[in-house]
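Next come the chains, spelled out residue by residue.
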Amino acid sequence: MERFDTVVVGAGMAGVTCARMLADAGRRVVVLEARDRVGGRIHTDRAAGFPVDLGASWIHGIEHSPLWELVQALGIPTREFTVGSFQAGGRPMEHFDGSGRPMDAAASERWISDVEAVDAALVEQIDASAAGDSYLVATERALDASGLDAERIDEIREFFRHRVEEQCGAWIGDLDAHGLDEDGIDGDEVIFPRGYDELPHRISSGLDLRTAHVVNAVTRRGDGWTVRTVDSEFTAADVVVTVPLGVLKSGAISFEPPLPAAAAGAIERLGMGVFNKIFVQFPERFWRADTYVIRALGEAGERWHSWYDVSSISGIPTLLTFAAGPLGRHLQTRPDAEVVADSVRALRALYGDVVGEPIASWVTRWGDDPFSAGSYSHLPIGASHHDHDALAGPFEGGLHFAGEATWGAEPATVGAAYRSGHRAAERILGRSVDLAEFAMQAAERTADRAPRS
Ligand SMILES: Cc1cc2nc3c(=O)[nH]c(=O)nc-3n(C[C@H](O)[C@H](O)[C@H](O)COP(=O)(O)OP(=O)(O)OC[C@H]3O[C@@H](n4cnc5c(N)ncnc54)[C@H](O)[C@@H]3O)c2cc1C
C-alpha cells in the first residue's frame, strides 16, 4: 500500500490541473488513470501523420477565459474557427433550404435574422417557464408567437433541436427549459492545429501518474481514504474524483460510506449526453473556399445537418460532422462504414455527384466507452445548475469531485474541467492559487517540450 497526501482519480484536464497545483505546493500526490493515455475526453489521434481531435476541438470563446490565458502562456498555437458552438451565423456558411436547394446570400441572411428574432423571444419564454417545462415546450411557445410561415418555423424548429443535440448530447424534449442558460460564447473560438492533447500533456509533465489503473473503490479509513484498483491500494488524507458523470452514474466505483445525499442526488438528476464526431476526407474539395460550415435546414437536414471544414489541419479536404442525442446513440450500434456512407449520401443530396468517395474517415463512440460513458453533462428536466456545483463537495473527511460536470457556470467544456480542478486544489490547500502564476510555471517547466506533431 502506498501513502500520499492526495489521490487524484482520472487524468483528464480536471485531474491533471488539480494534481499539478497540489504538487507545485509541495504535496505528495498520485494520479490514477484507467486508460493508457492522459487527456480523457481530450484525445488526439496522430496515426495518420496529422492530428485528429476525437474529443474536444474548440475553446468556445477566448475572452475572459482562464483556459485561453493558459494556452497563451504555454505558447500553444491555435487557429480561429468561430462557429464551433452551433451559431446560426457569424462566419461564411453555405446554407441549403428544406428541399436541399442552395440558398443565396439574401435567403441566408433572412434565415439568420429569423433565428435571432425567435431566439430573443425564446429568452423571454425561458424566463417565464415553470418548473418541469422542457426546452422543447419553451421553443414551441416562442415559435408559436413568431408569426412566421410554416416552412420557416420548421427550419428554426429543426435548428433548435440540433442545437440541443450538439451542445448537450440530448433530445430537446428531455432538456430542462434552463438547460442552455450557461451556453454563452465570449469572443472568438479557436481550434488546435497541433492537437488539443498537448495541453493536458504539458500540464501533467513530471507528475506521479499511473496509467492503466482502473479505480473501483474509494473507502474512508480512519482519518483518510483508501483508493483501490483490482491489484493495488493507495491511501491519502484527501481524494479528488474526476471521472466523468457517466462513470459515476454507472456505479463502476463504489464509495464507502455511501455518498452523501447532496452528491448522490446530483449524480442522479444531472444527465450525460452523447455527442460523436465523424471526420471524412475527400479526394477533392466540393464546397466553397471560404466556407466554415455547410448547413442543411428543415427536412433536408433532419438527420445530417452541419459539416465543418477542418481541412486546414491536415491540408486534405476534410469535413467534420456530428451525430448527437438519439441519433448519436443509435449510430453507435452501427458499423463505421455504414455511418460514413449515410453522412456522405446526405452530402450528395445537396451537392450531387461532385462528392467523391471518401479517402479516410474517423468515427467516435464516446457513449460506449466505459471510461467516459457519454460525452458531456447536461440538465434534464428538473435538474438545476446548482446540482453541478453541489457535486463538487467537499464532503466529510476530504472527499472532493472535480470535472466538467461539477462546474455550473460553463459545464460540458474543457474550461469547466480546468476551473473545477483549480477549485479542488484551492480547497485542499486552504488558500488561493494564482492562475497566471500557475500558467507561467507550467510554461517554464515544459519550455523544452518539442511539438508532438
Ligand atoms: C466528442 C467530444 C467533443 C467535445 N468538444 C469540446 C470542445 O470542442 N470544446 C470543449 O470545451 N469541450 C468539448 N468537449 C467536452 C470536453 O472534452 C470535456 O468537458 C473535458 O475534456 C472533460 O475533462 P474532465 O477532466 O472533466 O474529464 P475527462 O477528460 O473525461 O477525464 C476523466 C478521466 O477519468 C478517467 N477514468 C474514468 N474512469 C476511471 C476509473 N474507474 N479509474 C481511473 N480513471 C478513470 C478517464 O479515462 C479520464 O481520463 C467535447 C467532448 C467530446 C466527447
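Residues numbered from 1 in each chain as written. Predicted model: local features only at pLDDT ≥ 70, side-chain atom pairs only at ≥ 80, totals over all residues. Heavy atoms only, no water.

(A) Region of interest: the overall build of the protein. Across its full length, the protein carries 14 helices and 21 strands. Its C-alpha radius of gyration of 22 Å places the protein within 12% of the 22 Å reference for a compact globule of 453 residues. Judged by the C-alpha coordinates and their principal axes, the protein covers about 65 × 50 × 40 Å. For the protein, the proportion of its 453 residues judged to be buried stands at 59%. (Helix = DSSP H or I, 4+ residues; strand = E, 2+ residues; numbered from the N terminus. Rg over C-alpha atoms; globule rule 2.2 N^0.38 Å. Buried < 20%, exposed > 50% of the residue type's maximum accessible area, 1.4 Å probe, protein only.)

(B) Inspection of the packing of aromatic side chains at higher detail. This structure, assessed with the given rule, holds 22 aromatic pairs. Consider the rings of Phe275 and Tyr376, whose centres lie 5.5 Å apart with planes at 35°: the pair is tilted. Placement of the pair is Phe275 in strand E15 (residues 275–281) and Tyr376 in strand E20 (residues 376–378), with a sequence separation of 101 residues. For the pair formed by Phe275 and Tyr376, the shared burial category is buried. Here the aromatic rings of Phe286 and Trp287 are separated by 4.8 Å at their centres, their planes lie at 85°, and the arrangement is edge-to-face. On the basis of relative accessibility, which here comes to 5%, the residue Trp287 falls in the buried class. Ring pairs connect the aromatic residues Trp58, Phe81, Phe275, Tyr292, Tyr308, Phe322 and Tyr376, which therefore count as one cluster. Taking NZ or CZ as reference, Arg28 lies 5.0 Å from the ring centre of Phe4, over its face. Residue placement shows Arg295 over the ring face of Phe86; its charged tip is 4.2 Å from the ring centre. (Phe/Tyr/Trp six-rings, centres within 6.5 Å; stacked < 30°, edge-to-face > 60°. Lys NZ or Arg CZ within 6 Å of the ring centre and 35° of its normal.)

(C) How the structure looks around the side chain of Glu158. Structurally, Glu158 is set in helix H5 (residues 150–168). Owing to a relative accessible area of 13%, Glu158 belongs among the buried residues under this scheme. In this view, Glu158 contacts Gly298, Gly301 and Glu302; residues no more than four positions away in its chain are not counted. (Contact = heavy atoms within 4.5 Å.)

(D) Representation of a negative patch on the surface in the model. A cluster of acidic residues, Glu124, Asp127, Asp181 and Glu182, forms a negative patch at the surface. Looking at where Asp181 falls in the secondary structure, it is placed in the loop between H5 and strand E8 (190–191). (Patch = residues over 30% accessible without salt bridge, like charges linked within 9 Å, V, L, I, M, F, W, Y side chains within 5 Å. Areas by Shrake-Rupley, 256 points an atom, 1.4 Å probe, with all protein chains shown as cover. Salt bridge = Lys/Arg side-chain N within 4 Å of Asp/Glu carboxyl O. Lys, Arg positive; Asp, Glu negative; His and termini not counted. Charge placed at Lys NZ, Arg CZ, Asp CG, Glu CD.)

(E) Inspection of the pattern of salt bridges at higher detail. The tally for this structure, following the rule as stated, stands at 29 salt bridges. Where Arg210 meets Asp208, a salt bridge forms, and the shortest distance between an N and an O atom there is 2.7 Å. Among the residues examined, Arg210 registers a relative accessible area of 19% and is labelled buried. Counted as one network, the salt bridges with shared partners bring together Glu2, Asp208 and Arg210.

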